[in-house]
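Coordinate inspection notes
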Amino acid sequence: WGLSAGIEITMEANPSSADAKRFAGYRSVGVNRLSLGVQALNDADLKFLGRLHNAEEALRAIAMARATFPRLSFDLIYARPGQTLESWETELRRAAGYAADHLSLYQLTIEEGTAFWDRAQAGGLKGLPDEDLGADMYLATQEICGSAGFEAYEVSNHAQPDAMSRHNLVYWRGGDYVGIGPGAHGRVTLNGVRHASVAQRLPGQWIDAAEAGSGDESLMPLSAEDVWAEYIMMGMRLSEGLDLERVRQIGGARFEELPLKKFQDLGLIWRDATRFGATLQGRMVLNTLTSELL
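Residues numbered from 1 in each chain as written. Predicted model: local features only at pLDDT ≥ 70, side-chain atom pairs only at ≥ 80, totals over all residues. Heavy atoms only, no water.

Below, the discussion takes up the nonpolar core. Soluble globular proteins tend to pack their nonpolar side chains together in the buried interior. By size, the foremost hydrophobic cluster in this structure holds 49 residues, and its most contacted members are L36, F74, M236, V247 and F276. The element best represented in this core is helix α3 (residues 55-68), accounting for six residues. Setting aside its immediate chain neighbours within four residues, F276 contacts M236, G241, L242, L244, V247, L258, L260, I269, W270 and R271. Formed by eight residues, the second largest nonpolar core is a distinct cluster that contains A40, L49, L108 and F116. (Core = buried A, V, L, I, M, F, W, Y, C linked by side-chain atoms within 4.5 Å. Buried < 20%, exposed > 50% of the residue type's maximum accessible area, 1.4 Å probe, protein only. Helix = DSSP H or I, 4+ residues; strand = E, 2+ residues; numbered from the N terminus. Contact = heavy atoms within 4.5 Å.)

Here's what the structure looks like:
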């Protein structure tokens, strides 16, 4: 494949490894968008999250990245133990002042099978915000980002005009993408059939397999139901919603069973002549809403 004009090439980096010379080197070979894993702007919470950098290093890395790359995104996690609505509002306003054109803002969730889950089960996580406070934080996030010119184009991602992450939009819009490298996942359409690819997870095994012809561990055709479910799950995350005609084409008879009117009446879904999606209230219960649609 060739490269399209104006291609977006994003690299992820951690503030602890920030180095102005290395940033310049990445920029010189074509990287034009950097995504920094900041996660918090205070040292105590960074330590809780297991990060190797401190807040000062994070701000220094942001400044170096802004001076080097045309586009910059960094992420924060909120609803952390002991965090109040007021402290999150203060932190987010501060972050917006440092941001370039994109912010990724994720609410902390405790997922089974993670170290956080084990700590929570052992009683080691105290002061986690309850659901009501989490909802207030989400609403505050939308208001502050909107006021600062960062549109909520996806449930956790905010960007200034024309600064949305292009590769993420491919996933959320149900497009094809090639997964290359250890553990990479992909979705590719071959002869009209959408396939899921999964690469060998361990680097050594991936290298051996790639040199032998393919680093993929599996390449499986997706059922019509799988394609439908993925398109709904991904598209409901976007503020632009889903294309009604495409949902009709993918879903067939399933489309007629979608309870769109029910959730429109509840104020959780918006719909116009060509598209539908989650309202702000719908985003706040997005997992349940998506499950009901499926």
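This next bit is on the sheet that holds strand β7 (residues 185-190). Strands sit in the order β7-β8-β9 across an open sheet of three strands; the sheet is antiparallel. Whereas interior strands pair on both sides, the edge strands pair on one side only; in this sheet they are β7 and β9 (216-221). Within the sheet, the average angular offset between the axes of one strand and its neighbour, ignoring direction, is 25 degrees. Across six bridges, β7 lies against strand β8 (residues 193-199) in antiparallel orientation. Considered in β8, the bridge of G186 is made with S197. (Pairing = 2+ DSSP bridges. Axes fitted to C-alpha atoms, helices over the stretch in contact; angles between N-to-C directions.)

Most of β8 is tucked away: five of the seven residues are buried. Here β7 hands over to β8 after two residues, with N191 in that stretch at a positive phi of 55 degrees. Where β8 lies against β9, five bridges are found, and the strand directions are antiparallel. Each bridged residue has a counterpart across the sheet, and for H195 the counterpart in β9 is P221.

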